[in-house]
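Structure assessment
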Amino acid sequence: MAYQSLTQEYLQMPPVTRAYTTACVLTTTAVQLDIVSPFQLYFNPTLILKHFHVSNDVAKSTWKAIFDNQPVDSDYNPLPEDRPGGFDWGENEPQPQD
């Protein structure tokens, strides 16, 4: 009974969603059964070296440029309120020497 409802739901999916779901399930199953390794899915030296597919490298560089943190500016001096520990309001100032 549950199998029929699962099949019915699967067949009611839009075609693109159904294709994507099927691809995800098949890929996960292939990795779990050691038919293909995650490394083989990520890195294919034949395509890169013989067919010059560098799109993965370009995509990685693009995503890194967009989302990577900016380099630390050595001249940046945050306000006391932004520093770890907050602002001490002069409570820890050294006492004047006589």
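To start, this report covers the structure provided alongside it.

Procedures and definitions
- Residues numbered from 1 in each chain as written.
- Predicted model: local features only at pLDDT ≥ 70, side-chain atom pairs only at ≥ 80, totals over all residues.
- Heavy atoms only, no water.
- Helix = DSSP H or I, 4+ residues; strand = E, 2+ residues; numbered from the N terminus.
- Buried < 20%, exposed > 50% of the residue type's maximum accessible area, 1.4 Å probe, protein only.
- Areas by Shrake-Rupley, 256 points an atom, 1.4 Å probe, with all protein chains shown as cover.
- Patch = residues over 30% accessible without salt bridge, like charges linked within 9 Å, V, L, I, M, F, W, Y side chains within 5 Å.
- Salt bridge = Lys/Arg side-chain N within 4 Å of Asp/Glu carboxyl O.
- Contact = heavy atoms within 4.5 Å.

1. A word on the overall build of the protein
Regarding its fold elements, the protein presents 5 helices and 0 strands. Along the protein, helices and strands appear, N-terminal first, in the series α-α-α-α-α. Burial statistics for the protein: of 98 residues in total, 1% are counted as buried. In the structure as shown, the protein presents an accessible area of about 9600 Å², 61% of it carried by carbon and sulfur atoms.

2. Overview of a nonpolar patch on the surface
A surface patch of nonpolar side chains, about 350 Å² in accessible area, is lined by F39, Y42 and F43. For F39, the position within the fold is in helix α3 (residues 38–42). F39 sits in the exposed class, given a relative accessible area of 55%.

3. Considering the environment of V31
Here V31 lies in helix α2 (residues 15–32). Through-space distance from the C-alpha of V31 to that of L41 is 9.3 Å; in sequence the pair is 10 residues apart. Excluding residues that lie within four positions of it along the chain, V31 makes contacts with V36, P38 and L41.

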